[in-house]
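Structure at a glance
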Amino acid sequence: AQSVSQHNHHVILSEAASLELGCNYSYGGTVNLFWYVQYPGQHLQLLLKYFSGDPLVKGIKGFEAEFIKSKFSFNLRKPSVQWSDTAEYFCAVTAGNSGAGSYQLTFGKGTKLSVIP
Amino acid sequence: EPEVTQTPSHQVTQMGQEVILRCVPISNHLYFYWYRQILGQKVEFLVSFYNNEISEKSEIFDDQFSVERPDGSNFTLKIRSTKLEDSAMYFCASSDLGLAEETQYFGPGTRLLVL
């Protein structure tokens, strides 16, 4: 079974600082990787995802993530954070790609990001 | 933009009582999911549902849990006899084609507190 680890529980940054949130997964086969964000009082929404092609994926609001297969990592980055990026960030994975089916997301524990104006 | 909705937003119940959590998935989606997050822990998969049947369920989803799509729009999670450890945030999600790389769209969650 797959598992996901997020290294940081709570990250505090000043506005304009650069952000990198770590995510590692363990699974021997094909994976699809996701970053979800939950803003205060809102539902989980997709930031970006990787399933094939260019390992550097760009998402909404200036976020990007790089899939490094040899390191089993999918770290999230943003060059300059804003106060509005304050949220909880979840890395998640589905395993496999064998057509239509119900693929459960396996989540990391989440990283709370607080951006200080 | 279409959204997944969930009701109620909060539910407080006594141990041993039955609760039903409701979800309205995005209208053209075919695959439905329930997840839960106990405070301070990971979001965990409970069950997936397609074509009026359970597709997959986790070890958490024991005989106390059931899911149903009673009509064309609602998707419900029932807990027959709640336990203290069922206190959690319950999220419903839906997806269109059920592909592994597909985005699952989440509702805002129902916070369940069992006393």
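These remarks concern the structure in this document. (Residues numbered from 1 in each chain as written. Chains lettered and ligands numbered in written order. Predicted model: local features only at pLDDT ≥ 70, side-chain atom pairs only at ≥ 80, totals over all residues. Heavy atoms only, no water.)

Helix and strand counts for chain A come out as zero helices and twelve strands. Listed N to C, the secondary structure of chain A is β-β-β-β-β-β-β-β-β-β-β-β in terms of helices and strands. In terms of overall dimensions, chain A is globule-like: its C-alpha atoms have a radius of gyration of 14 Å, near the 13 Å expected for 117 residues. The 117 residues of chain A split such that 48% are buried. Partitioning the contacts of chain A with sequence separation of at least 6, the portion at a separation of at least 24 is 57%. With the model as given, the accessible surface of chain A reaches about 5,500 Å², and the carbon-plus-sulfur share is 52%. (Helix = DSSP H or I, 4+ residues; strand = E, 2+ residues; numbered from the N terminus. Rg over C-alpha atoms; globule rule 2.2 N^0.38 Å. Buried < 20%, exposed > 50% of the residue type's maximum accessible area, 1.4 Å probe, protein only. Contact = heavy atoms within 4.5 Å. Areas by Shrake-Rupley, 256 points an atom, 1.4 Å probe, with all protein chains shown as cover.)

This brings us to the pattern of salt bridges. All names here are of chain A. Scanning the entire structure with this criterion turns up six salt bridges over all chains. A salt bridge links Lys78 to Asp85, with the shortest nitrogen-to-oxygen separation between them at 2.9 Å. Since its relative accessible area comes to 6%, Lys78 is described here as buried. Counted as one network, the salt bridges with shared partners bring together Lys58, Glu64, Glu66 and Arg77. (Salt bridge = Lys/Arg side-chain N within 4 Å of Asp/Glu carboxyl O.)

Turning our attention to the sheet that holds strand S1 (residues 5–7) of chain B. Paired through backbone hydrogen bonds, the strands of a sheet run either parallel or antiparallel to each other. Residue and element names in this part refer to chain B. Ordered by their spatial adjacency, four strands build an open sheet running S1-S3-S8-S7, and the pairing between neighbours is antiparallel. Either end of the sheet is taken by a strand with one partner, and the two such strands are S1 and strand S7 (65–68). Averaged over all pairs of adjacent strands, the angle between strand axes in this sheet comes to 20°, irrespective of strand direction. Note that S1 and strand S3 (residues 19–24) share three bridges and pair antiparallel. By the bridge assignment for S3, Thr7 is matched with Arg22. (Pairing = 2+ DSSP bridges. Axes fitted to C-alpha atoms, helices over the stretch in contact; angles between N-to-C directions.)

Turning our eyes to something else, we now look at the layout of surface pockets. The space that makes up the largest pocket amounts to roughly 640 Å³. What lines the largest pocket is a set of 32 residues, and nearest its centre among them are Glu88 of chain A together with Gln37, Leu39, Met89 and Arg111 of chain B. Of all the secondary-structure elements, those providing two or more residues to the lining of the largest pocket are strand S10 (87–95) and strand S12 (111–116) of chain A together with strand S2 (10–13), strand S9 (88–95) and strand S11 (110–114) of chain B. Residues of the lining of the largest pocket, tallied by class, amount to 13 nonpolar, 15 polar and four charged. (1 Å grid on protein atoms, 1.4 Å probe; cavity = no way out; pocket = protein on both sides within 12 Å on 5 of 7 lines; lining within 4 Å. Points joined across faces, edges and corners; volume = space filled by probe spheres on them. Nonpolar A, V, L, I, M, F, W, Y, C, P; charged D, E, K, R; others polar.)

What makes a disulfide is a covalent bond joining the sulfur atoms belonging to two cysteines. Residue and element names in this part refer to chain A. Counting across every chain of the model gives two disulfides over all chains. The disulfide partner of Cys23 is Cys91, and the gap between their sulfur atoms is 1.9 Å. Its torsion about the S-S bond being -65°, the disulfide of Cys23 and Cys91 is classed as left-handed. Of the two residues, Cys23 sits in strand S4 (residues 23–26) while Cys91 sits in strand S10, which places them 68 residues apart along the sequence. (Disulfide = S-S within 2.5 Å.)

Taken together, the 27 residues of chain B in the interface contact 24 residues of chain A. The junction of chain B with chain A conceals about 2,100 Å² of combined surface from both sides, 56% of it contributed by carbon and sulfur atoms. Sorting the residues of chain B by area buried against chain A places Ala100, Glu101 and Phe106 of chain B first, and these three jointly supply 28% of that buried surface. Linking chain B with chain A are zero salt bridges, by the criterion used here. Run the count over chain B and chain A and you get eight residue pairs in polar contact (both at pLDDT 80 or more). At five residues, strand S5 (residues 43–50) of chain B tops the list of elements feeding residues into the side of chain B that touches chain A. (Buried area = accessible area lost by both parts, 1.4 Å probe. Polar contact = N/O pair within 3.5 Å; in protein donor to acceptor, adjacent residues only side chain to side chain.)

Our focus in this paragraph is the side chain of Glu88 of chain A. Residue and element names in this part refer to chain A. Along the polypeptide, Glu88 turns up in strand S10. Among buried Asp, Glu, Lys and Arg side chains, Glu88 stands out as unpaired, with Lys112 the closest opposite charge at 4.5 Å. Those residues in contact with Glu88, other than ones at most four positions away along the chain, are Tyr36, Val37, Gln38, Lys109, Gly110, Thr111 and Lys112. (Lys, Arg positive; Asp, Glu negative; His and termini not counted.)

With that out of the way, let us pick up unusual backbone geometry. Note that the residue after Thr7 of chain B, namely Pro8 of chain B, is joined by a cis bond; omega there is -10°. Mapped onto the elements of the fold, Pro8 of chain B is located in the loop between S1 and S2. One non-glycine residue, Ala16 of chain A, lies in positive phi territory at about 80°. If you trace the backbone, Ala16 of chain A turns up in the loop between strand S2 (10–14) and strand S3 (19–21). One non-glycine residue, Phe72 of chain A, lies in positive phi territory at about 50°. One can find Phe72 of chain A in the loop between strand S8 (64–68) and strand S9 (73–78).

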